[in-house]
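# Secondary and tertiary structure notes
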Amino acid sequence: MNPASATASIPITLTQCAKTFRGTRVLEPLDLRIDAGETLVLLGPSGCGKTTTLRMIAGLETPDAGGRIAFGDDDVTALPIEKRQVGMVFQSYALFPNLSVRGNIGYGLKIRRMPAAAARQRVDELLGMMRLTAHADKPIDQLSGGQRQRVALARALAVQPRVLLLDEPLTALDARLRDTLRSEMNTLLRELGITTVYVTHDQAEAMELGDRIVVMSAGRIEQIGSPRDIYYRPANRSVAQFVGTINRLAGEARDGMLTTRGGAVPLPSMPPHTSLHTHQPHEIFFRPEDAWLADPATAHLRGCIESSAFLGERTRLTIGGAAPDPLLIDVAGRVELARGTPVGISISQDALIALS
Ligand SMILES: Nc1ncnc2c1ncn2[C@@H]1O[C@H](COP(=O)(O)OP(=O)(O)O)[C@@H](O)[C@H]1O
Ligand SMILES: [Mg+2]
């Protein structure tokens, strides 16, 4: 039995879901549809309302009056968590320290009074799937962080939830383990095909795991889109800055060019009604990986190296004098350029981002 196959995946719909705690509105009315089987990532800085949204979907918080939550065609707004068939994984895992791995995974089945033989079989399946069979009888405190995380996932999946909800499940782990587990998580979520809402403040995690990403800030949705949309077509400056690093070029727009301190850059094509023939202040943006060092004589911009940071597979250069703010440019491999070295920068024109 495949863990997801017993329950067909269902869409989730939130309609006008706001949340107020003791007179303070922390979530503005939110409309959101999560497609059946998709992994939707809620991404945003701490305090923006991700956990509150997730807890409303789980049934741990009730939306303010007027908000509605549906699983498929079922209105679950008034249902408590135990009646919603959701599997949840928390940042802290919240495992039972006094139970073994097997005891933890089987906990929900015991509560639901599943017959012992069937429960044992189900737990065995999950142990196998999560590569925990050899650890089945160990107490939780003998497991590594990664193993604990797999126990928490197995426990959430044991009851064959209709919806999987994960709240920063990798945040407690060290960076190297987090990278490994992120790709394991990706494989697993794709195999499961279960409707999943995944909360994180880490943009790399959101990019890798999300079919779509919801970027949130201060209790509002800033943008919903595929990882590519969010990265290459950010809706506004706050999304652009939150998702990766971005450079700003500000200057005067004229005849299709933006003239800034260190040179001029061809502007991305504008909608026909916007005329930029007169001198107008203007700004455009680009990502560090979308520019390269070029011969200063023919490059778009000229500046001087302020510093360089070796990051392993690439070097990030900070270049002053080219634009009002220093520009960050990524070049492949190891590049050693002394502070003050004059350089030229050219920017890939289809990578220029115009933001409102
Ligand atoms: N039970 C609560 N009572 C009062 N305020 C809360 C409660 N839960 C969350 N908040 C507040 O709501 C806001 C959003 O919190 P949360 O959803 O946990 O954000 P995130 O998960 O994005 O970090 C924060 O300002 C937080 O302090
Ligand atoms: Mg949170």
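First, a word on scope: everything that follows refers to the structure included in this document. (Residues numbered from 1 in each chain as written. Chains lettered and ligands numbered in written order. Predicted model: local features only at pLDDT ≥ 70, side-chain atom pairs only at ≥ 80, totals over all residues. Heavy atoms only, no water.)

## A few points about the overall build of the chain
Of regular secondary structure, the chain possesses nine helices and 19 strands. Projecting the C-alpha coordinates of the chain onto the three principal axes gives extents of approximately 80 × 50 × 35 Å. The buried share among the 356 residues of the chain stands at 48%. Summed over its atoms, the accessible surface of the chain is roughly 16,700 Å², and 51% of this surface lies on carbon and sulfur atoms. (Helix = DSSP H or I, 4+ residues; strand = E, 2+ residues; numbered from the N terminus. Buried < 20%, exposed > 50% of the residue type's maximum accessible area, 1.4 Å probe, protein only. Areas by Shrake-Rupley, 256 points an atom, 1.4 Å probe, with all protein chains shown as cover.)

## Focus on the sheet that holds strand 10 (residues 220–225)
Backbone hydrogen bonds hold the strands of a sheet together, and the pairing may be parallel or antiparallel. The six strands lie next to each other as 6-7-8-3-9-10, forming an open sheet whose pairing is mixed. Each end of this open sheet is capped by a strand with a single partner; those strands are strand 6 (86–89) and strand 10. With direction set aside, neighbouring strand axes in the sheet form an average angle of 15°. Across five bridges, strand 3 (residues 39–43) lies against strand 8 (residues 195–200) in parallel orientation. Paired with Leu40 across the strands is Val197, a residue of strand 8. Across the sheet, helix 5 (residues 145–158) is in contact with strand 6 and strand 7 (163–167); its angle to strand 6 comes to roughly 170°. Strands strand 3, strand 7 and strand 8 of the sheet are contacted by helix 6 (residues 175–192), whose axis makes an angle of about 165° with strand 7. (Pairing = 2+ DSSP bridges. Axes fitted to C-alpha atoms, helices over the stretch in contact; angles between N-to-C directions. Contact = heavy atoms within 4.5 Å.)

## Observations regarding the site of ligand 1
Taken together, the residues surrounding ligand 1 are Phe21, Arg22, Val26, Pro45, Ser46, Gly47, Cys48, Gly49, Lys50, Thr51 and Thr52. Here an oxygen atom of ligand 1 and a side-chain polar atom of Lys50 are 2.9 Å apart. With respect to ligand 1, the side chain of Thr51 contributes an N or O atom lying 2.8 Å from an oxygen atom. For ligand 1, the accessible surface in isolation is 560 Å², of which the surrounding protein chains cover 62%. Ranked by the residues each element gives to the shell around ligand 1, the list is headed by helix 1 (residues 50–58), at three residues. In the shell around ligand 1, the residues fall into four nonpolar, five polar and two charged. (Near = heavy atom within 4 Å. Polar contact = N/O pair within 3.5 Å; in protein donor to acceptor, adjacent residues only side chain to side chain. Nonpolar A, V, L, I, M, F, W, Y, C, P; charged D, E, K, R; others polar.)

## What about the packing of aromatic side chains?
The full count for this structure, using the stated rule, is two aromatic pairs. A ring pair is formed by Tyr231 and Tyr232, whose centres lie 5.0 Å apart and whose planes are at 85°; its orientation type is edge-to-face. For Tyr231, a relative accessible area of 15% translates into the label buried. Assessed through its relative accessible area of 41%, Tyr232 is described here as partly exposed. Looking at Arg287, its charged tip hangs above the ring of Tyr231, at a distance of 4.1 Å from the centre. (Phe/Tyr/Trp six-rings, centres within 6.5 Å; stacked < 30°, edge-to-face > 60°. Lys NZ or Arg CZ within 6 Å of the ring centre and 35° of its normal.)

## Looking at the nonpolar core
Judged by nonpolar contacts, the single largest core of 44 residues is most densely connected at Ile105, Val151, Leu153, Leu164, Leu166, Met185 and Tyr198. No other element matches helix 5, which puts seven residues into this core. If we skip the residues at most four places from it in the chain, Met185 touches Gln149, Leu153, Leu166, Pro169, Leu170, Tyr198 and Leu209. Membership of the second largest hydrophobic core comes to 26 residues, among which are Ile10, Cys17, Ile69 and Val214. (Core = buried A, V, L, I, M, F, W, Y, C linked by side-chain atoms within 4.5 Å.)

## Examining the environment of Ala206
You can see Ala206 is positioned in helix 7 (residues 203–209). Separated by 18 residues in the primary sequence, Ala206 and Ile224 have C-alpha atoms spaced 12 Å apart. Setting aside its immediate chain neighbours within four residues, Ala206 contacts Val41, Leu43, Thr200 and Ile213.

## Description of the packing of helix 5 against helix 6
With their axes 11 Å apart at the nearest point, helix 5 and helix 6 run at an angle of 20° to one another. With respect to helix 6, the element helix 5 is oriented roughly parallel. Like other packed secondary-structure pairs, helix 5 and helix 6 cross with a definite hand, here right-handed. Only Leu177, Leu181, Glu184, Met185, Leu188 and Leu192 of helix 6 make contact with helix 5, whose side of the interface consists of Gly145, Gly146, Gln149, Arg150, Leu153 and Leu157. Here the residues of the contact of helix 5 with helix 6 are counted per class, giving seven nonpolar, three polar and two charged. (Parallel < 35°, antiparallel > 145°, perpendicular 65-115°, else oblique. Left-handed = near helix turned anticlockwise from the far one by under 90°.)

## Considering the packing of helix 4 (residues 116–129) against helix 5
Here helix 4 crosses helix 5 at 140°, and the two axes come no closer than 10 Å. By the angle class used here, helix 4 and helix 5 are oblique. Viewed along their axes, helix 4 and helix 5 form a crossing whose handedness is right-handed. On helix 5, the residues that touch Arg122, Leu126 and Met129 of helix 4 are Ala154, Leu157 and Ala158. The class makeup of the residues in the contact of helix 4 with helix 5 is five nonpolar, no polar and one charged.

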